[in-house]
Amino acid sequence: MHTIVDASRQAKGIAIINLPASRWSPAKFDGTITLSDFDAGKFLVMATRNGIVKKSPLEQFEKVRSSGIIAITIARTTSLAWVDVATGKDDVIVATAQGKIARFPEEEVRPMGRPAAA
């Protein structure tokens, strides 16, 4: 896990691209999620803008190297839409800008390793 130093309100700060994870670039970095614990049996559920859904066991994200880790491999033609923590028994709801919605049990999405393509 990376530790980002707290600073005063007047501090200039640094751009996220300059943090230690050298793999980050504007094209590769889609977002962050803050977790206080990595409970066994929970999952990170991720969805791309093209509607691909992937889940990975949460404990796979417990030990992060200084260079960062890859959570999902996605095509250049899409981006990550959202990430959330799930219990394994939740429902996933994906909606489009046109108002179409898909709802399905999380159990229908099989767990994959971190770098597995969605």
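A quick note: this is a predicted structure, and the numbers were derived from the prediction, not measured.

(A) Expanded view of the overall build of the protein chain. When its secondary structure is counted, the protein chain shows 0 helices and 5 strands. Counting helices and strands in the order they occur from the N terminus, the protein chain gives β-β-β-β-β. In the protein chain, of all internal contacts separated by at least 6 residues, the share reaching a separation of at least 24 is 58%. Total accessible area on the protein chain stands at roughly 8500 Å², and carbon and sulfur atoms take up 54% of it.

(B) Inspection of the confidence of the model for the protein chain at higher detail. Of the residues in the protein chain, 74% have a pLDDT of 70 or more, and the chain-wide mean is 78. Across the protein chain, the secondary-structure element scoring lowest on mean pLDDT is strand β3 (residues 80-86), at 89, and the one scoring highest is strand β5 (residues 101-105), at 94.

(C) Highlighting the sheet that holds strand β1 (residues 43-48). The 3 strands lie next to each other as β2-β1-β3, forming an open sheet whose pairing is antiparallel. In this open sheet, the two edge strands, each paired with only one partner strand, are β2 (53-57) and β3. Adjacent strand axes in the sheet meet at a mean angle of 20 degrees when their direction is disregarded.

(D) Inspection of the pattern of salt bridges at higher detail. Going through the model one piece at a time under the given rule, you end up with 3 salt bridges. A salt bridge links Lys 55 to Glu 106, with the shortest nitrogen-to-oxygen separation between them at 3.7 Å. Here Lys 55 is found in strand β2, whereas its partner Glu 106 is found in the segment after β5, with 51 residues between them in sequence. Residue Lys 55 is classed as buried on the basis of its relative accessible area of 4%. In this structure, Asp 91 engages Arg 103 in a salt bridge whose closest nitrogen and oxygen atoms are separated by 2.7 Å. Remark: Arg 103 occurs in strand β5 and Asp 91 occurs in strand β4 (residues 91-95); sequence separation between them is 12 residues.

(E) Local environment of the packing of aromatic side chains. Under the criterion given, the structure shown has 0 aromatic pairs. The ring of Phe 43 carries Lys 55 above its face, with NZ or CZ at 4.4 Å from the centroid.

(F) The arrangement of the environment of Met 46 in detail. Inspection of the secondary structure puts Met 46 in strand β1. Note on Met 46: relative accessible area 2%, which makes it buried. Here the alpha-carbon distance between Met 46 and Ile 72, two residues 26 residues apart in the chain, equals 8.1 Å. Non-local contacts of Met 46, meaning those with residues more than four positions away in its chain, are made with Ile 52, Val 53, Lys 54, Ser 56, Phe 61, Ala 71, Ile 72, Leu 80, Trp 82 and Val 83.

What counts, and at which threshold
- Residues numbered from 1 in each chain as written.
- Predicted model: local features only at pLDDT ≥ 70, side-chain atom pairs only at ≥ 80, totals over all residues.
- Heavy atoms only, no water.
- Helix = DSSP H or I, 4+ residues; strand = E, 2+ residues; numbered from the N terminus.
- Contact = heavy atoms within 4.5 Å.
- Areas by Shrake-Rupley, 256 points an atom, 1.4 Å probe, with all protein chains shown as cover.
- pLDDT = per-residue confidence, 0-100.
- Pairing = 2+ DSSP bridges.
- Axes fitted to C-alpha atoms, helices over the stretch in contact; angles between N-to-C directions.
- Salt bridge = Lys/Arg side-chain N within 4 Å of Asp/Glu carboxyl O.
- Buried < 20%, exposed > 50% of the residue type's maximum accessible area, 1.4 Å probe, protein only.
- Phe/Tyr/Trp six-rings, centres within 6.5 Å; stacked < 30°, edge-to-face > 60°.
- Lys NZ or Arg CZ within 6 Å of the ring centre and 35° of its normal.

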